[in-house]
Amino acid sequence: MATTRFHQINAFINKANHAPHAAHLSWMQRFQERVGTLIVTELGQDCPAMIVSQNTALVAAVQAEDEAYRTITRSPLSDQIAEADQVRDNTFVGLRTMVEALGRVGTAAQKEAAPRVLQAMRDYQVNISEGYELESTHIAQLIQQLEVSPLADDCTTLAVTALVGQLKTENQQVQTLIAQRNEQQAGIDAQAMQRARVAADLVYVETVMVINAFAVVEQQQGVSPYDHAIDVVNQDQDYYVQQVFPRGVKKLKIANNVYFSYYQGETWREAVDEGLQSNEGWTVTADDEVLFQQRRLLDKQGEPVDAATKVEAGQYSLEAEAQDGGDVTPVVPE
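What comes next is a walk through the structure. (Residues numbered from 1 in each chain as written. Predicted model: local features only at pLDDT ≥ 70, side-chain atom pairs only at ≥ 80, totals over all residues. Heavy atoms only, no water.)

**Brief notes about the overall build of the protein**
Logical step 1: The helix and strand tally for the protein stands at twelve helices and seven strands.
Logical step 2: Expressed as a percentage of contacts within the protein between residues at least 6 apart in sequence, the contacts between residues at least 24 apart total 64%. (Helix = DSSP H or I, 4+ residues; strand = E, 2+ residues; numbered from the N terminus. Contact = heavy atoms within 4.5 Å.)

Structure, rendered in structure tokens:
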């Protein structure tokens, strides 16, 4: 006796569960769009109330996951901070360059004043390549000295008092933006995204179950009103497995007993936010620096790794090791 083959949406939730946040959200949005367009809209008044209700719940769950994802991703203030930092750096470099030039070609008084101002810049270790917070602190300390005699008099001699005031204003702007971003991030629930994913998964499973059930009970002569939508969703699944979902977690060996796990195509921040168990001890600062137990991750040039960049194989070290003269461990995916 021949058995009837029913069109059914294939089991998929376990594959989606292992996807990174962005890919998981993308799948949920794609699935919801298919249900809304190819079933609810296509069938119109003939669409069962149960599927319409289920789609409404699915829309809400996907929107909640989307909001959670936008919350844990990089703050819009990060771009403002980077822009403000660049403006501040340009002013500082211009100030230093002007003082250096006057030390060579200025008046006799300016040639005497310039070395003292330049020495203050060295004493307070202003470095435009260091983290936002440290640079802000060093510039603030420098300006405090440049605003009081005898260095204030030297600045007057060099005609850079207005430029010092401009640098002070721009430095305060960076500090204000950082404080605003820290306050913003302090309210972020690190587990909100995971809870949103779990909630969306539950609604997804229920939606698939309902559609599959109606595909069975409404089938006539081997055809149901849901066959096209089911075929498209199953094709979407194949595409996501082959092109969107990663093959698996990749792992970098950073140092002895120190590893970092990530999905292909993720940024350092996204990989940390994934909450993978093997990434315990890794955090990202408000300055987009990657830390392992409060030690900064450095690239092969010895510069802090930018958490907004994608994770790539290369040479990395932890700051304490680099300062102690330890070897930099070549890093390759395992």
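**A closer look at the side chain of H138**
Logical step 1: With respect to the secondary-structure elements, H138 resides in helix α6 (residues 132–146).
Logical step 2: In contact with H138, not counting residues within four places along its chain, are Y124, Q125, V126 and E130.

**Topic: the pairing of strand β2 (residues 258–262)**
Within a regular strand, side chains alternate between the sheet's two faces.
Logical step 1: Within β2, four of the five residues are buried, which leaves it mostly tucked inside the rest of the structure.
Logical step 2: As paired elements, strand β1 (residues 250–255) and β2 share five bridges and run antiparallel to each other. Bridge assignment links K250 to a residue of β2, and that residue is Y262.
Logical step 3: Where β1 folds back on β2, the antiparallel hairpin that results is connected by two residues, among which N257 adopts a positive phi of roughly 65°. (Buried < 20%, exposed > 50% of the residue type's maximum accessible area, 1.4 Å probe, protein only. Pairing = 2+ DSSP bridges.)

**Overview of unusual backbone geometry**
Logical step 1: The omega angle of the peptide bond from S149 to P150 is 5°, so this bond is cis rather than trans.
Logical step 2: By secondary structure assignment, the location of P150 is in the loop between α6 and α7 (151–158).
Logical step 3: One non-glycine residue with positive phi stands out, namely Q293, at about 50°.
Logical step 4: Position of Q293 among the secondary structure elements: in the loop between β4 (290–292) and β5 (295–298).
Logical step 5: A relative accessible area of 53% means that Q293 is categorised as exposed.

**Topic: the nonpolar core**
Most often, soluble globular proteins keep nonpolar side chains buried together rather than apart.
Logical step 1: One finds W27, F31, I39, I51, Y204, Y226 and F245 to be the most contacted residues of the largest nonpolar core, which totals 40 residues.
Logical step 2: For this core, the secondary-structure elements that each account for two or more residues are α1 (13–17), α2 (21–43), α3 (49–72), α9 (192–217) and α10 (227–244).
Logical step 3: When residues no more than four places from it in sequence are discounted, the contact partners of Y204 are F12, I13, W27, M28, F31, L58 and Q237.
Logical step 4: Residues L95, I139, L151 and L158 belong to the second largest nonpolar core, which totals 22 residues. (Core = buried A, V, L, I, M, F, W, Y, C linked by side-chain atoms within 4.5 Å.)

**Some details on the pattern of salt bridges**
Logical step 1: In this structure the tally under the stated criterion is ten salt bridges.
Logical step 2: Residue R34 pairs with D236 through a salt bridge whose shortest N-O separation is 2.7 Å. Taken together, the residues span a long stretch of sequence, with R34 in helix α2 and D236 in helix α10 at a distance of 202 residues.
Logical step 3: A residue is classified by how much of its surface remains accessible, and R34, at 21% relative accessible area, is partly exposed.
Logical step 4: On the basis of relative accessibility, which here comes to 6%, the residue D236 falls in the buried class.
Logical step 5: When the shortest N-O distance is used, the salt bridge between E147 and K168 registers 3.2 Å. Of this pair, E147 sits in the loop between α6 and α7 while K168 sits in helix α8 (residues 161–186), placing them 21 residues apart in sequence. (Salt bridge = Lys/Arg side-chain N within 4 Å of Asp/Glu carboxyl O.)

**Some words on the packing of aromatic side chains**
Logical step 1: All told, the structure shown has eleven aromatic pairs when counted by the stated rule.
Logical step 2: Ring centres of Y239 and Y240 lie 5.9 Å apart, and the angle between their planes is 80°; on these two criteria the pair is classed as edge-to-face.
Logical step 3: With a relative accessible area of 42%, Y239 lands in the partly exposed category.
Logical step 4: Taken together, F12, W27, F31, Y204, Y239 and Y240 form an aromatic cluster joined through their ring pairs.
Logical step 5: Geometry around Y259 places K251 over its ring, the cationic atom sitting 5.3 Å from the centre. (Phe/Tyr/Trp six-rings, centres within 6.5 Å; stacked < 30°, edge-to-face > 60°. Lys NZ or Arg CZ within 6 Å of the ring centre and 35° of its normal.)

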